[in-house]
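Summary of structural features
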Amino acid sequence: MAADRRQQRKAENLDILIGFLGFFAIALVVVIIAMEVSGQNAALWSIILLGVVLAIWRLFRARQKNNTKEARGPRR
Amino acid sequence: MTQAAAPTATRPASTSPHRRNVSSRERWASVRTYVSAAVIVIWCLLPAYWMVLTAFREVAFTYDTAFWPTHVTLDNFRTAFATDTGNNLSLALFNSLIIGASVTLIALVVGVFAAYALSRIDFPFKFIILGFILGASMFPGVALITPLFQLFTDIGWIGTYQALIIPNISFVLPLTVYTLTAFFREMPWELEEAARIDGCTQGQAFRKVIMPLAAPAVFTTAILAFISSWNEFLIASQLSNDSTQPVTVAIASFTGSQPQQEPYTAVMAAGTIVTIPLVILVLILQKRIVEGLTAGAVK
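Here the structure is a predicted model, which is why all the values come from computation and not from measurement. (Residues numbered from 1 in each chain as written. Chains lettered and ligands numbered in written order. Predicted model: local features only at pLDDT ≥ 70, side-chain atom pairs only at ≥ 80, totals over all residues. Heavy atoms only, no water.)

Describing the overall build of chain B
Applied cut-off: What counts as a helix is a DSSP run of H or I of at least four residues, what counts as a strand is a run of E of at least two, and both are numbered from the N terminus. Exposure classes here rest on a 1.4 Å probe applied to the protein chains alone. A residue is buried below 20% of its type maximum, exposed above 50%, and partly exposed in between. Contacts were defined at the residue level, with two residues in contact if any of their heavy atoms lie within 4.5 Å.
Each helix and strand counted, chain B has twelve helices and zero strands in total. Counting from the amino terminus, helix and strand elements in chain B follow one another as α-α-α-α-α-α-α-α-α-α-α-α. Counting every position in chain B, which comprises 299 residues, the buried fraction comes to 36%. Long-range contacts, defined as pairs at least 24 residues apart, comprise 67% of the intrachain contacts of chain B with a sequence gap of at least 6.

Next up, the structure:
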């Protein structure tokens with residue numbers, strides 16, 4: 001029961017982190033598009049966006065792993 | 001005839017060296033607690049005390065460093081409210097009250113429903129939405145000033161109440177949703193289920209069972225939202241005009257009796273007046289705030 005609750009909490013925290021980073025990823029996409037359209041150098045922002053996207057991808061992987069564990073149920 | 005048994009020879013506990021050590025340690029712990037609390041209280045209240053002290057000081061003694069009231073006068077309060085020097089504090093107070101009340105009301109109405117949905121209704125990616133809201137709350141306000149100014153100039157909203165209320169709601173709403181979601185999640189589901197079994201619809205259960213129980217958290221959130229809106233300066237300094245400016249902007253644009261003179265004493269008097277509504281609000285709702293802050297801490 002406690003293990004289930006812990007798994008659920010972990011899944012919720014992962015979701016919150018994904019959403020948090022997702023917001024900044026969208027903001028960065030808007031910044032990069034604006035810079036590209038206005039002819040400014042957007043290399044640094046692109047690298048930051050890449051980092052954020054990689055972090056989101058890692059979190060998605062962790063979320064999937066956590067969901068699989070949750071579906072399998074607690075270890076006996 | 002039986003005689004009462006003689007009391008057993010026990011050594012008084014207070015004389016035990018171990019006990020004496022424990023009680024002395026406890027005494028020191030409580031002294032440490034009180035000293036730390038006193039330091040924190042002094043640290044927090046000293047600027048406020050200095051503000052009140054300067055507010056009651058004559059202009060000629062603005063830079064007096066005495067820690068007690070000297071050269072006391074009420075002229076600074078008169079200057080703060082004097083319209084002939086352009087310091088229209090009463091109008092600014094009224095504006096702040098309208099903006100703060102509107103922001104708090106709208107943010108609470110929207111926030112309560114959003115928080116209830118996020119904590120009680122199962123739909124995919126709801127925690128991702130919560131994370132999104134958290135991200136939005138951390139977005140720097142200064143980055144929004146230029147686009148907001150452009151937008152509101154285009155639609156003719158500069159210097160209107162809605163131009164000050166709508167951006168403020170976007171700053172306060174994430175705080176409201178996040179705080180209330182955390183509270184609703186800790187509330188027992190069984191209460192709502194019991195109301196449903198007794199014949200309530202979901203709306204009635206929300207209105208008659210959940211809302212009265214959530215009152216402390218709602219009050220706490222309302223106060224936090226009001227304080228946040230009351231103290232907002234950045235957006236208001238750009239989007240308001242003389243007739244809609246809130247107190248924060250009005251105080252910043254105070255003028256002295258001489259050119260190039262910064263009217264510190266009048267500013268301090270205005271600061272003291274501005275703090276009063278918040279202090280009254282917190283004192284009236286103190287019990288509710290404490291209940292709201294500790295709600296869900298112990299299950």
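Some details on the interface of chain B and chain A
Rules: Throughout, the accessible surface (probe 1.4 Å) given up by two parts as they are put together, summed over both, is called the buried area. The term salt bridge refers to a pairing of a side-chain nitrogen on Lys or Arg with a carboxyl oxygen on Asp or Glu at a separation within 4 Å. What qualifies as a polar contact is a pair of N or O atoms within 3.5 Å, subject to a donor-acceptor requirement within protein and to the restriction that residues adjacent in sequence count only when both atoms come from side chains.
Every contact between the two is made by 15 residues of chain B and, on the other side, 14 residues of chain A. Between chain B and chain A, a total of about 1,200 Å² is buried, with carbon and sulfur atoms accounting for 73% of that surface. Of all residues in chain B, the largest losses of buried area upon contact with chain A belong to B:Phe127, B:Ile128 and B:Phe132, amounting jointly to 39% of the total for that side. Measuring nitrogen to oxygen at the nearest pair gives 3.6 Å for the salt bridge that ties A:Arg9 to B:Glu186. Counting across the chain B and chain A interface gives two residue pairs in polar contact (both at pLDDT 80 or more). For the side of chain B that touches chain A, the secondary-structure elements that each account for two or more residues are helix H4 (126-137) and helix H6 (161-186) of chain B.

Overview of the packing of aromatic side chains
Our working definition: For Phe, Tyr and Trp, where Trp contributes only its six-membered ring, two rings pair if their centres lie within 6.5 Å, and the inter-plane angle classes them as stacked under 30 degrees, edge-to-face over 60, or tilted in between. A ring is scored as having a charge over it whenever the NZ atom of a lysine or the CZ atom of an arginine sits within 6 Å of its centre and within 35 degrees of its normal.
Counting across every chain of the model gives 13 aromatic pairs over all chains. Seen in terms of ring centroids, B:Tyr63 and B:Tyr264 are 6.0 Å apart; in terms of plane orientation they differ by 75 degrees. Their pairing is edge-to-face. Linking B:Tyr63 in the loop between helix H1 (17-55) and helix H2 (75-81) with B:Tyr264 in helix H11 (residues 264-284), this pair joins segments that are 201 residues apart in sequence. For B:Tyr264, a relative accessible area of 37% gives the class partly exposed. One aromatic cluster in this structure is built from A:Phe20, A:Phe23, A:Phe24, B:Phe132 and B:Phe139. Between B:Arg57 and the ring centre of B:Trp50, over which it is positioned, the NZ or CZ distance is 5.6 Å.

Some remarks on unusual backbone geometry
Residues and elements named next belong to chain B. In this model, His 71 sits at a positive phi of 50 degrees, which is unusual for a non-glycine residue. One can find His 71 in the loop between H1 and H2. Using a relative accessible area of 35% as the deciding quantity, one classes His 71 as partly exposed. Despite not being glycine, Phe 125 has its phi angle at roughly 60 degrees, a positive value.

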